[in-house]
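Breakdown of the fold
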Amino acid sequence: MPASPSTARAINDRLALELLQREGPLTAGQLKAMTGLSRPTVADLVERLQGSGLVRVVGEAGAERRGPNARLYGIVAERAHLAALDVRMRSVTVVVADLLGTTLARASLPIGGDTGTEPAVEQAVALLEGAVARAGAARLHSVGIGAPGLIDPATGELRETTGLPAWHRRLVTALQHRLPARVVVENETNLAALAEQRVGAASDRESFAFLWLGHGVGAGLVLDGRLRRGSSGGAGEIGFLPVPGTGGMPSAVDCDGGFHSLAGSAAVCALAERHGLLPEGRDALSEAPAAAEVVAAAVAGGHTAFVGELAGRLALGAAAVVSVLDPGCVVLGGEVGHAGGPELAARVGESLAAMSPLRTEVRPGTLGGGAVLRGALLMAQEAAQDDLFAGGPA
């Protein structure tokens, strides 16, 4: 059956808004050419979207011709404000942005391991509230949260996980109850993979495996353009993967003895110490920034033995993913993957090619540790646009 007039208008409005979001300001003539709609239909939808407060005139086209220039229409960025949180083991980073994803305020806060659950939650909430105030936002429309751990695919909630701070789960619940906003949470590695897919190293790939290399390790799986989470939300928990060389086996509640023990930040720093590469005065490195610092220095300094051994370790985890999924591409992300750059990616590719008959390109991630926050912001932006664009004129 043909669409009703109201349905057709909603479809046309959504199409125009998505074009304006992706391409930036456009003239009515450009919207006509890109949508294939008639001139009167485009004129009507532009009038409707202006009346709804979603679109406004932002300038004039610069074409040199006689007569008035064509008006440029753009999305009203301040129509909705968004927030994104990157929740780590001992820190929180917050970004507040407008509907187009432009950052308006940013803040970070370390949270010590001895901080109680409620004080940690209150500190994180205060951090967000301060950023919202600095951004000049009256209220938030959508909030995206990236956190370690499993997300229940049925409820979308962060599951209680052994080894992770209790304040993580409590913070998500507190924000959902306190904010008059849509609050969505996703596994941090999945969000980093999403960001690399949309605006990073895998923007030209329909399928790829993303390895997060930071304080811990994880994998994000994108197949046929879609992020795959698994039946329980645990697809990509590669830190628990049993691998040779760890001297132990992981358990259901502890990834020590798994791939984490070869590729986590503490393992990378221990390997650097064995190669005599620890910075002077640094005898206990375990955090992702410190591991990334060591890897970057090793690559820059031509320490091929260390880089080669690290690449061999990473190839073990990559080979397990490749042998099952054959994604054709592996992206090394997180702080450590970004620090290793093309050199580490090339060495991992060589080691992987020696282990697997499946041709696989290995690339360095381009977003580093910022990929989680970028992915969380993209998730919040999509949530807001789905709501506002689908509704059309209010």
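For the structure, see preceding data.
Position numbers for residues count from 1 along each chain, tracking the sequence in the order it is written. Local features in this predicted model are restricted to residues whose pLDDT is 70 or higher, and side-chain atom pairs enter the listing and the counts only when it is 80 or higher, whereas totals over whole chains, interfaces and linings include all residues. Each side-chain value is worked out from all heavy atoms of the structure, with water and hydrogens disregarded.

Moving on: the side chain of Arg-363. Counting through the fold element by element, Arg-363 comes out in strand β12 (residues 361-364). Those residues in contact with Arg-363 that sit more than four places away from it in its chain are Ala-201, Ala-202, Asp-204, Arg-205, Cys-329, Val-330, Val-331, Leu-332 and Ala-345. Where helices and strands are cited, they refer to DSSP runs of H or I of at least four residues and of E of at least two residues respectively, numbered from the N terminus. Note on definitions: a residue-residue contact is assigned when non-hydrogen atoms from the two residues lie within 4.5 Å.

Quick look at the sheet that holds strand β7 (residues 182-187) now. Strand pairing is assigned whenever DSSP identifies at least 2 bridges connecting the two strands. Taken in spatial order, the five strands make up an open sheet running β5-β4-β3-β6-β7, and their pairing is mixed. Lying at the two open borders of the sheet, with one neighbouring strand each, are β5 (103-110) and β7. The average angle at which neighbouring strand axes cross in this sheet is 15°, direction not considered. In this structure, strand β6 (residues 142-147) lies alongside β7, joined through six bridges in parallel fashion. Bridge pairing in β7 places Ala-147 opposite Asn-187. Along the sheet, helix α5 (residues 166-178) contacts β3 (81-87), β4 (91-98), β6 and β7; its crossing angle with β3, the most-contacted strand, is approximately 170°. As a rule, the C-alpha atoms of each element are fitted with a line to give its axis, helices using only the stretch in contact, and angles between N-to-C directions run from 0 to 180 degrees. Of the strands in this sheet, β3, β6 and β7 are in contact with helix α6 (residues 188-199), which crosses β7 at around 95°.

Our next topic: the sheet that holds β12. Reading across the sheet, the five strands line up as β10-β9-β8-β11-β12 and stay open at both edges, with mixed pairing between neighbours. On the outer flanks of this sheet lie β10 (226-228) and β12, each paired with one strand and no other. Here the strands of the sheet are splayed against their neighbours by 25° on average, with no regard to which way each runs. Sheet contacts for helix α10 (residues 304-325): β8 (208-213), β9 (217-223) and β11 (329-333); angle to β8, the most-contacted strand, approximately 155°.

Let's shift gears to the packing of helix α4 (residues 117-135) against α5. Helix packing for two helices is described by the angle between their axes and how far apart those axes are. In the contact formed by α4 and α5, the axes pass within 9 Å of each other and the chain directions differ by 50°. Between α4 and α5, the angle is such that the two are oblique. In the packing of α4 onto α5, the handedness of the crossing is right-handed. Contacts from Thr-117, Glu-118, Ala-120, Val-121, Glu-122, Ala-124, Val-125 and Leu-128 in α4 reach Ala-166, Trp-167, Arg-170, Leu-171, Ala-174, Leu-175 and Arg-178 in α5. The residue classification treats Ala, Val, Leu, Ile, Met, Phe, Trp, Tyr, Cys and Pro as nonpolar and Asp, Glu, Lys and Arg as charged. All others, Gly included, are polar. The residue makeup of the contact of α4 with α5, split by class, is 10 nonpolar, one polar and four charged. Note on angle classes: values under 35 degrees are labelled roughly parallel, values over 145 roughly antiparallel, values of 65 to 115 roughly perpendicular, and the remainder oblique. Here is the rule for handedness: rotate from the far helix to the near one, and if that takes an anticlockwise turn smaller than a right angle the crossing is left-handed, while a clockwise turn gives right-handed.

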